[in-house]
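Next come the chains, spelled out residue by residue.
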Amino acid sequence: MARCSLRADNLCFGPRCPSATTRSSVLPGSFGAARPSRLASKGGAKFRVFSSIKERQGVKESERPKGVNPGGAGGLRVDGLEKAEVVSGFEGALGEEREGGGEVGFDWRWPPWKNLPQRYKLIGTTSLAFVICNMDKVNLSIAIIPMSHQFGWNSSVAGLVQSSFFWGYALSQLPGGWLSKIFGGREVLKFGVLVWSLSTALVPVLAGFMPGLVLSRILVGIGEGVSPSAATDLIARSIPLEERSRAVAFVFGGLSVGSVTGLLLAPPLIQNFGWESVFYIFGLLGIGWFAGFQLIKEESEGSTASRSISRSEDISTNNSIPSSLGDLAGNLKDVPWKAFFENQAVQAMIYVHFCGSWGHYTCLSWLPTYFSEELDLNLTEAAWVSILPPLASVFVTGVASQFADNLIANGVEITKVRKICQTIAFLSPAVCMTLSSIDLGLAPWEVVGILTGGLALSSFALSGLYCTHQDMSPEYASILLGITNTVGAVPGIIGIALTGYLLDSTHSWSLSLFAPSIFFYLTGTVVWLAFASSKPQNFSKRD
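Residues numbered from 1 in each chain as written. Predicted model: local features only at pLDDT ≥ 70, side-chain atom pairs only at ≥ 80, totals over all residues. Heavy atoms only, no water.

If you look the protein up in an unreviewed UniProt entry, it shows as Major facilitator superfamily (MFS) profile domain-containing protein from Eucalyptus globulus. According to the UniProt record, the Subcellular location (unreviewed entry) comment for the protein is "Plastid, Chloroplast membrane". (UniProt positions renumbered as here; feature names shortened; annotations may be inferred.)

Q: Pulling in residues and values, what's your account of the overall build of the protein?
A: Along the protein, the regular secondary structure elements total 19 helices and 3 strands. The buried share of the protein, reckoned over its 543 residues, is 50%. Look at the contacts in the protein between residues 6 or more apart in sequence, and 81% of them connect residues 24 or more apart. Within the structure as shown, the protein displays about 25600 Å² of accessible surface, and the carbon and sulfur contribution to it stands at 62%. (Helix = DSSP H or I, 4+ residues; strand = E, 2+ residues; numbered from the N terminus. Buried < 20%, exposed > 50% of the residue type's maximum accessible area, 1.4 Å probe, protein only. Contact = heavy atoms within 4.5 Å. Areas by Shrake-Rupley, 256 points an atom, 1.4 Å probe, with all protein chains shown as cover.)

Q: How would you explain the packing of aromatic side chains if you had to name every residue and give the values?
A: Per the counting criterion, the structure on display carries 22 aromatic pairs. Each ring, one from F151 and one from W275, has its centre 6.2 Å from the other, and the planes form 70 degrees; the classification is edge-to-face. Here F151, found in helix α2 (residues 118-151), pairs with W275, found in the loop between α7 (244-273) and α8 (276-293); they are 124 residues apart in sequence, far enough to count as distant. Under the relative-accessibility criterion, F151 is labelled partly exposed at 30%. Taken together through their ring pairs, the aromatic side chains of W366, Y370, F371, W509 and F514 make up a single cluster. (Phe/Tyr/Trp six-rings, centres within 6.5 Å; stacked < 30°, edge-to-face > 60°.)

Q: Which residues make up the UniProt feature "transmembrane region" (unreviewed entry) in the protein, and what are the values?
A: The UniProt entry lists residues 151-171, 191-215, 247-266, 278-296, 424-442, 448-467, 479-503 and 509-532 under the feature "transmembrane region" (unreviewed entry), expressed in the numbering used here. Helix makes up 65% of residues 448-467 and strand 0%, with an end-to-end C-alpha separation of 30 Å. End C-alpha atoms of residues 509-532 are separated by 32 Å, and the span's content is 96% helix alongside 0% strand.

Q: So what's going on with the packing of helix α12 (residues 344-373) against helix α16 (residues 465-472)? Residues and values would help.
A: The geometry of α12 relative to α16 is characterised by a closest axis approach of 11 Å and an angle of 155 degrees between their N-to-C directions. Relative to α16, the element α12 is oriented roughly antiparallel. Two packed elements cross with a definite hand, and for α12 against α16 that hand is left-handed. Contacts from A345, V346, M349, V352 and H353 of α12 reach α16 at L465, Y466, T468, H469 and M472. For the contact of α12 with α16, the per-class residue count stands at 7 nonpolar, 3 polar and no charged. (Axes fitted to C-alpha atoms, helices over the stretch in contact; angles between N-to-C directions. Parallel < 35°, antiparallel > 145°, perpendicular 65-115°, else oblique. Left-handed = near helix turned anticlockwise from the far one by under 90°. Nonpolar A, V, L, I, M, F, W, Y, C, P; charged D, E, K, R; others polar.)

Q: Explain the packing of α12 against helix α18 (residues 490-506) to me, and be specific about the residues and the numbers.
A: Running from N to C, α12 and α18 point in directions that differ by 55 degrees, and their axes come no closer than 9 Å. Taken together, the axes of α12 and α18 lie oblique to each other. The way α12 lies across α18 gives a crossing that is right-handed. Contacts between α12 and α18 involve F354, S357, W358, Y361, T362, S365 and W366 on the former and, on the latter, V490, P491, G492, I494, G495, I496, L498, T499, G500 and L503. Taken together, the residues that form the contact of α12 with α18 break down as 10 nonpolar, 7 polar and no charged.

Q: Go over α16 with me, naming the residues and quoting the values.
A: The buried fraction of α16 amounts to 8 of the 8 residues, a majority that puts the element mostly inside the structure. For α16, the set of buried residues is L465, Y466, C467, T468, H469, Q470, D471 and M472. Next to the buried residues of α16 lie α6 (210-238), α7, α12, α14 (414-437), α17 (477-488) and α19 (509-531).

Q: Explain the nonpolar core to me, and be specific about the residues and the numbers.
A: Y370 and F371 are the most contacted members of the largest nonpolar core, which has 91 residues in total. With 14 residues, α12 is the single largest residue contributor to this core. With sequence-adjacent residues up to four places away left out, F371 is seen in contact with D376, L377, A382, V385, S386, V448 and L451. Membership of the second largest hydrophobic core comes to 20 residues, among which are M135, A143, V161 and L269. (Core = buried A, V, L, I, M, F, W, Y, C linked by side-chain atoms within 4.5 Å.)

Q: Which residues make up a nonpolar patch on the surface, and what values go with them?
A: On the surface, L202, V205, Y280, I281 and L285 cluster together into a nonpolar patch covering about 440 Å² of accessible area. Mapped by element, the contributors of at least two residues to the nonpolar patch are α5 (185-206) and α8. Counting residues per element, the nonpolar patch draws most heavily on α8, which supplies 3 residues. When you line up the elements, V205 lands in helix α5. (Patch = residues over 30% accessible without salt bridge, like charges linked within 9 Å, V, L, I, M, F, W, Y side chains within 5 Å. Salt bridge = Lys/Arg side-chain N within 4 Å of Asp/Glu carboxyl O.)

Q: So what's going on with the side chain of H469? Which residues, and what values?
A: With respect to the helices and strands, H469 occurs in helix α16. A polar contact of 3.2 Å, which involves the side chain of H469, links it to the backbone oxygen of L465. In contact with H469, other than residues within four places in its own chain, are M349, A477, L480, L481 and T484. (Polar contact = N/O pair within 3.5 Å; in protein donor to acceptor, adjacent residues only side chain to side chain.)

Q: Explain the confidence of the model for the protein to me, using residue names and the numbers behind them.
A: Put simply, the protein has an average pLDDT of 75, and 70% of its residues get 70 or more. Predicted confidence for residues 1-104 stays below pLDDT 50, and this span has 149 contacts to residues more than four positions away or in other chains. A low-confidence stretch, residues 300-321 stays under pLDDT 50, and its non-local contacts, those more than four residues away or across chains, total 37 contacts. (pLDDT = per-residue confidence, 0-100.)

Q: How would you sum up helix α4 (residues 173-183)? Please name residues and give values.
A: Spacing of three or four residues puts side chains on the same side of an α-helix, whose turn is 3.6 residues. Listed as buried for α4 are Q173, G176, G177, W178, S180, K181 and I182. The first or second residue beyond α4 is G184, which carries a positive phi of 95 degrees.

Q: Account for the environment of S227, with residues named and values stated.
A: Looking at the element boundaries, S227 is found in helix α6. For S227, a relative accessible area of 1% translates into the label buried. Once residues within four sequence positions are removed from consideration, S227 is found in contact with F130, L189 and W196.

Structure follows, in structure tokens:
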């Protein structure tokens, strides 16, 4: 017994249709009792006919009923006598077929994401990876307190352990971009998640051995460091230009969700199960993501997304794995490094990325202490207040991406859109930090509200700076992000330590925390407006 699949786009209704005799000839006597099923779809109504076919082997080509066109574009089409094509993609939803049955069946679409385009599945799982990424980044900032008490660490040792993450993070940016260019962002992202998840789960085992603990945190930094470039490459290869702002915002917005989730989950886990639990549980989440990501297939070349990308921009999709170290060295040599650094727009991206990271990393590390010491909040209040900026960023990210994509869809020049978004991302926190630095007699909750609003609006950078790499060169987007993110990781190494040094020297939060950030935000805005460009660049190899 076999199934026949009839689709409504092959049926004709109205005065131009063939005669009823012609249409009815689809069901000759050799077919058993037909069972039609009307199905709804985006493209219009679809029909399935389940039939038993007797002595199928005896039907010759010359005996095929008139009006049945197996592969043609017009007339009626019967898809696959040997293998049924179920229009909803859900095989066997009606149970076992019985010859001569006449009941009407339904297709249940479960799970709900089953029929989503593959590019949406890739973006969704990539965003989830970034949620886990920041969960594994913030867990140590909370667990370091009980760990310091247990192992007798002073502030210098605790600072060494925390900063070791940024050593690996900075070192892996360029290699991550290069590997994403060669192997594809999808493969590099899988590798990164697996490395940082296994290293996170090993922290409790190595905590009593300082070299091993530092090495594990460096590996966490390496795994997380290759991920932004990998995600950038994946987006550049999978997402059409008109959807790119939302895709970037959705993926990198997972970092804010991860910060909130980690800050919410870590304290109760530590209180009830010990500090070791956050590393084991968060590490297992990443390993589970790695296993699940294997089920997500890449979009085929003939898909809608692929055709849209190929129409809008020229991008190489050759991710063949080099066969030898010589091939790897050749690929590395072929990258136009000199052309990158001679380009003014790339130079602007490098400096602006540094400026944005300075404000982000210093505030991420020092705001809880600022809330506690300067605003006289207790530790519990300071911890909850620290969640507000990343929580607000989640909502601002969605607004910013929609704002940017709408401007582009309405014909606004892409460079102008990126400049507008990045200007909002820099001037907003600069103004809010200035207001917080001046003694205006504001209540603590008012200061918290001002800082939260300013830092949340800095998420406009996801529709500004973070889209520009792909706008300039989809082919080298991952490498460009690797370059700028390497420089952007420097504030995590020196900015956090310098803020503490200035705080000990001046005893002023305004001078130590806010003044440097304001300086970089303002100068970064000037550089961005003067030199930034989203025009496609032809980086010819000149070195």
